[in-house]
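# Chain and residue survey
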Amino acid sequence: AEDGYRLWLRYDKVQNSTLYNNYRQSVKQMQFNGSSPTLLAAKRELTNALQQMLNLQPALVNSVTSNGTLIVGTPKTSANVAKFSNDIAAAGDEGYFIKSANINGKSCLMIGANTDKGILYGVFNFLKLLQTGQSLQSVAINESPKIKMRVLNHWDNLDRTVERGYAGSSIWKWHKLPGYIDPRYIDYARANASIGINGAVVNNVNASAISLTKDYLIKASALANVFRTYGIKIYLTARFSAPIEIGGLKTADPLDAGVRQWWKDKADEIYKYIPDFGGFIVKANSEGQPGPQTYNRNHVDGANMLADALKPHNGIVMWRAFVYDDKVPDDRAKQAYNEFKPLDGQFSDNVIVQVKNGAIDFQPREPFHPLFGAMRKTPLMMEFQITQEYLGFSTHLVYLAPMFKETLESDTYAKGKGSTVAKDIEGQLDKQTLSGMAGVANIGSDVNWTGHPFAQANWYAFGRLAWNPAQSSEAIADDWLRMTFTQDNSFIKPVKALMLSSRETTVDYMTPLGLHHIMGTGAHYGPGPWVGNLARPDWNPTYYHKADSAGVGFDRTSTGSNAVAQYFPPVRDEFEHIETTPEKYLLWFHHVSWKHTMPSGKTLWQEMVDHYYRGVDSVRNMQKTWSLMQGKIDDARYNEVKQLLAIQEQEAVWWRNACVLYFQSFSKMPIPASYEKPD
Ligand code: GCU
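Not measured: the values here are computed from a predicted model.

The subject of this paragraph is the overall build of the protein chain. From N to C terminus, the protein chain includes 22 helices and 16 strands. Against the globule reference of 26 Å for 679 residues, the protein chain gives a C-alpha radius of gyration of 26 Å, in line with a compact fold. Overall, the protein chain is about 80 × 70 × 50 Å in size when its C-alpha atoms are taken along their principal axes. Counting all 679 residues of the protein chain, 54% fall into the buried class. Summarising the internal contacts of the protein chain: among those between residues at least 6 apart in sequence, 72% fall at separations of at least 24.

Let us now look at the sheet that holds strand β1 (residues 29-32). One open sheet holds the six strands; their spatial order is β2-β1-β3-β5-β4-β6, and the pairing between them is mixed. A single partner strand is all that each edge strand has here, and the edge strands are β2 (59-60) and β6 (140-143). Across four bridges, the pairing between strand β4 (residues 96-103) and β6 is antiparallel. Bridging from a neighbouring strand, Phe 97 pairs with Asn 142 of β6.

Residues annotated by UniProt as "active site" (unreviewed entry) correspond here to Glu 287, Asp 361 and Glu 389. Looking at the secondary structure, you find Glu 287 in the loop between β10 (279-282) and α11 (299-310). When you line up the elements, Asp 361 lands in the loop between β12 (351-356) and β13 (380-385).

A word on the nonpolar core. Formed by 206 residues in total, the largest nonpolar core has its most connected members in Val 123, Ile 234, Leu 306, Val 317, Val 353, Leu 371 and Met 381. In terms of residues, this core owes the most to one element, helix α21 (residues 604-627), which gives nine residues. Apart from the residues within four sequence positions on either side, Ile 234 is in contact with Ala 200, Val 202, Ala 220, Leu 223, Ala 224, Phe 227, Ile 274, Phe 277 and Gly 278.

This part covers the domain arrangement of the protein chain. According to the domain assignment, the protein chain consists of domain 1 (2-143), domain 2 (149-484) and domain 3 (512-554 + 591-667). When each unit is reduced to the centre of its C-alpha atoms, the spacing between domain 1 and domain 3 is 47 Å.

Taken together, Glu 163, Arg 164, Val 205, Asn 206, Lys 283, Glu 287, Phe 322, Asp 361 and Glu 389 make up the full set of residues near the ligand. Class assignment of the residues belonging to the shell around the ligand gives a composition of two nonpolar, one polar and six charged.

This paragraph deals with unusual backbone geometry. With omega at 0°, the peptide bond leading from Leu 177 into Pro 178 counts as cis. Tracing the backbone through its elements, the reader meets Pro 178 in the loop between β7 (149-153) and α7 (183-194). With omega at 5°, the peptide bond leading from Pro 569 into Pro 570 counts as cis. Along the polypeptide, Pro 570 turns up in the loop between β15 (551-552) and α19 (571-576). One non-glycine residue, Asn 55, lies in the positive phi region at around 50°. If you check the backbone angles, Glu 287 has positive phi at about 50° while not being a glycine.

With respect to burial, strand β9 (residues 233-237) is a largely interior element, five of its five residues being buried. Residues Lys 233, Tyr 235 and Thr 237 of β9 are buried on one face, and the alternating residues Ile 234 and Leu 236, pointing to the opposite face, are buried as well. Where strand β8 (residues 199-201) and β9 come together, three bridges link them in parallel fashion. Residue pairing across strands places Gly 199 opposite Lys 233, the latter belonging to β9.

Moving on, we get to helix α17 (residues 489-510). Taking 1.5 Å as the rise per residue, α17 with 22 residues should run 32 Å; its terminal C-alpha atoms sit 31 Å apart, in good agreement. The largest bend in α17 comes to about 40°, at Ser 502. Of all the residues in α17, the buried ones are Val 495, Lys 496, Leu 498, Met 499, Ser 502, Arg 503, Thr 505, Thr 506, Val 507, Asp 508, Tyr 509 and Met 510.

Judged by pairing direction, the barrel is parallel, and its eight strands sit side by side in the order β7-β8-β9-β10-β11-β12-β13-β14 before closing back on the first. Ignoring strand direction, the axes of neighbouring strands in this sheet form an average angle of 25°. Contacts from helix α15 (residues 456-467) reach β7, β13 and β14 (436-440), with the element oriented near 155° to β7.

Turning next to the UniProt feature "domain: Glycosyl hydrolase family 67 catalytic" (unreviewed entry) in the protein chain. The UniProt record marks residues 130-449 with the feature "domain: Glycosyl hydrolase family 67 catalytic" (unreviewed entry), using the residue numbering of this structure. Helix makes up 26% of residues 130-449 and strand 13%, and the two end C-alpha atoms of the span are 24 Å apart.

Attention now moves to the packing of helix α13 (residues 401-408) against helix α16 (residues 473-484). It is the contact of α13 with α16, at a shortest axis distance of 9 Å, that shows an interaxial angle of 150°. Classed by the angle they form, the pair α13 and α16 counts as roughly antiparallel. Relative to α16, α13 is oriented so that their crossing is right-handed. Where α13 approaches α16, its residues Ala 401, Pro 402 and Lys 405 are matched on the opposing element by Ser 473, Ile 476 and Ala 477.

With 16 residues, helix α6 (residues 116-131) should cover 22 Å at 1.5 Å per step; its first-to-last C-alpha distance of 22 Å lies within 8% of that length. Just downstream of α6 lies Gly 133, where phi reads positive at about 75°.

When you line up the elements, Trp 262 lands in helix α10 (residues 257-273). Accessibility expressed as a C-beta count within 10 Å gives 20 for Trp 262, which makes it buried. Taking C-alpha positions, Trp 262 is 9.6 Å from Ala 252, a pair spaced ten residues apart along the chain. Setting aside anything within four residues of it in sequence, one finds Trp 262 in contact with Pro 243, Gly 247 and Leu 249.

So, on to the packing of α21 against helix α22 (residues 635-667). Put simply, α21 and α22 touch, their axes get as near as 9 Å, and they point 170° apart. Of the possible angle classes, the one that applies to α21 and α22 is roughly antiparallel. Every residue of α22 that contacts α21 at Trp 605, Met 608, Val 609, Tyr 612, Tyr 613, Gly 615, Val 616, Val 619, Arg 620, Met 622, Gln 623 and Trp 626 is listed here: Val 641, Lys 642, Leu 645, Gln 648, Glu 649, Ala 652, Val 653, Arg 656, Cys 659, Val 660, Phe 663 and Ser 667. Considering only residue class, the contact of α21 with α22 consists of 16 nonpolar, four polar and four charged.

Tracing the chain through its elements places Thr 486 in the loop between α16 and α17. Under the C-beta neighbour-count criterion, Thr 486 is labelled partly exposed, with 19 such atoms within 10 Å. Along the primary structure Thr 486 and Gln 131 are separated by 355 residues, whereas in three dimensions their C-alpha atoms are 9.3 Å apart. Apart from the residues lying within four places of it in its own chain, the contact partners of Thr 486 are Phe 491, Lys 632 and Ile 633.

For the rest of this paragraph, the subject is the pairing of β4. Summarising the sheet, β4 and strand β5 (residues 106-112) pair through seven bridges and their orientation is antiparallel. When the bridges of β5 are listed, Lys 99 appears paired with Met 110.

Conventions we followed
Residues numbered from 1 in each chain as written. Predicted model: local features only at pLDDT ≥ 70, side-chain atom pairs only at ≥ 80, totals over all residues. Helix = DSSP H or I, 4+ residues; strand = E, 2+ residues; numbered from the N terminus. Rg over C-alpha atoms; globule rule 2.2 N^0.38 Å. Buried ≥ 20, exposed ≤ 12 C-beta atoms within 10 Å, placed from the backbone. Contact = placed C-beta atoms within 7 Å. Pairing = 2+ DSSP bridges. UniProt positions renumbered as here; feature names shortened; annotations may be inferred. Core = buried A, V, L, I, M, F, W, Y, C linked by C-beta atoms within 7 Å. Domains from an automatic or database assignment. Near = placed C-beta within 6 Å. Nonpolar A, V, L, I, M, F, W, Y, C, P; charged D, E, K, R; others polar. Expected span 1.5 Å × (residues − 1). Bend = angle between axes of the 7 residues up to and from the residue. Axes fitted to C-alpha atoms, helices over the stretch in contact; angles between N-to-C directions. Parallel < 35°, antiparallel > 145°, perpendicular 65-115°, else oblique. Left-handed = near helix turned anticlockwise from the far one by under 90°.

See below:
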């Protein structure tokens with residue numbers, strides 16, 4: 001179990017003897033001055049890792065006297081680094097460079113940055129070179145993040161339950177804070193810093209106002225003290241009705257002077273305890289949460305009130321666009337756009353609107369949210385879900401980078417071709433000053449942090465993509481596997497392929513061809529396409545698939561809910577017609593006849609059945625691949641994954657049989673006799 005705890009920061013001894021010797025030659029000495037907590041943490045990480053990987057304790061030197069000196073510093077702490085002015089300038093506030101260089105006629109390695117935090121990131125990435133077996137011969141790396149706020153959203157409650165958490169209880173031991181600092185907080189911060197995550201919202205979006213009371217602010221400040229060293233800011237969810245619940249006011253109306261003053265005072269109080277507090281996230285008027293609409297005000301009124309309170313302290317409001325109720329009777333997918341688009345341009349400059357990747361809710365596959373590209377005067381922040389609420393919890397092996405990338409690479413056409421979602425959230429589409437990506441964390445108190453050993457890869461991939469959305473799923477998986485398991489290519493190659501296809505496999509056995517929201521309601525685990533009797537129509541799976549004897553799918557074209565009109569042309573025109581809609585989104589946008597001829601020449605029915613069967617077959621192939629990995633990694637993790645894959649196989653069959661048999665009751669068409677019998 002301990003094998004899982006170390007995540008991708010294992011620092012196992014380098015096995016390849018050539019590399020081992022070369023690395024040792026490259027870091028015989030180290031020049032690393034500076035005494036800030038962050039620099040000391042970076043130095044500690046470096047020396048621990050070198051000791052473990054290379055059995056090496058480089059001598060600390062003040063001047064470069066021999067080949068193989070590693071120089072680490074900022075212009076303030078190192079005159080040698082200061083000479084690299086171009087690299088320093090390129091690094092910005094958070095970036096760094098790693099270079100082989102000739103200093104005083106000696107061949108050296110440099111890790112340089114403008115800031116201590118840049119050094120920390122540089123050190124982790126230098127170590128990654130060693131962890132992934134890269135040559136240090138002629139390194140030249142210049143890195144800086146494309147997105148400013150790279151934030152984990154913990155849906156953690158104060159009683160340590162975690163909403164949609166599948167890896168144990170919350171890692172925040174509120175009852176022991178601020179007195180007891182669990183060493184795990186430090187390892188959490190190290191892991192985040194290693195991938196560039198620089199923010200954490202520590203309480204659930206469905207918040208208790210208690211988080212904002214003095215006692216809990218003092219507890220939060222103890223976490224902030226740990227995080228700060230690792231460049232991570234703490235954020236809190238602000239419950240909109242807090243002025244009533246903990247402030248004793250009669251209202252939470254954002255235009256009420258007393259309410260506004262209460263939030264100003266609250267912000268001042270928070271910054272007294274947490275001087276670098278990041279700001280608030282707010283879930284307002286969604287799923288029963290209070291918000292400005294309760295007082296006939298709108299999102300701007302609510303967000304700007306909080307923004308005013310935080311402004312003097314440089315705090316940010318992350319206002320969520322995940323809003324729905326039964327106000328849009330024909331199509332829940334349209335509500336966020338309807339509510340937010342008209343408000344574009346009215347938000348204060350320290351507000352960023354946080355939008356889920358798709359318009360429904362973290363389904364295995366959704367087309368990109370139509371708000372991306374549409375809010376041209378408002379910075380938008382991406383919200384991805386790392387925890388696998390709709391993707392098999394921590395039981396199914398699903399590598400999510402391809403899913404994140406699919407959204408990031410989608411072209412909104414907001415400013416013509418090339419207006420990708422990534423560009424929008426990088427703030428590049430309209431030169432926004434704020435930019436952000438949030439990931440709903442999958443972290444819990446399980447020894448291995450994320451429940452499934454492979455779910456660690458999703459935390460890792462989120463961080464890497466928040467730093468730079470252009471990185472490939474494959475490169476990220478490769479790095480993660482090498483750092484987390486082994487450098488053995490006979491393991492890396494097949495397991496990487498397994499990871500890369502795992503998300504498509506899951507879509508195949510859960511929601512192929514644009515199907516969505518057909519899971520068991522409540523738990524969101526397993527199939528439930530037959531459920532149609534819940535109190536709210538927009539909670540029913542039948543509302544989303546609309547299967548009948550004629551066909552299946554949600555007509556969101558101009559003949560239906562016309563949600564397609566929320567996209568820019570030519571995307572909207574593409575989605576308007578069956579022929580031009582990408583097959584993977586077909587039933588998201590169209591009600592399609594069971595007998596419709598698909599590009600493959602098969603009927604829709606046959607195509608759907610094939611997807612479900614292929615999904616199960618693919619899981620069986622994953623099992624076969626995995627069984628060949630025995631002995632290449634530690635038995636504990638090998639066996640854990642093997643058992644989880646066996647559950648995944650059973651549940652893929654469960655999904656397949658349930659969906660195929662249920663939809664067959666409408667299509668009345670056969671399942672090929674050669675197929676395994678669903679029962
Ligand atoms: C989903 C999830 C809820 C969560 C909500 C949100 O609906 O099931 O548990 O609170 O998303 O993102 O606010």
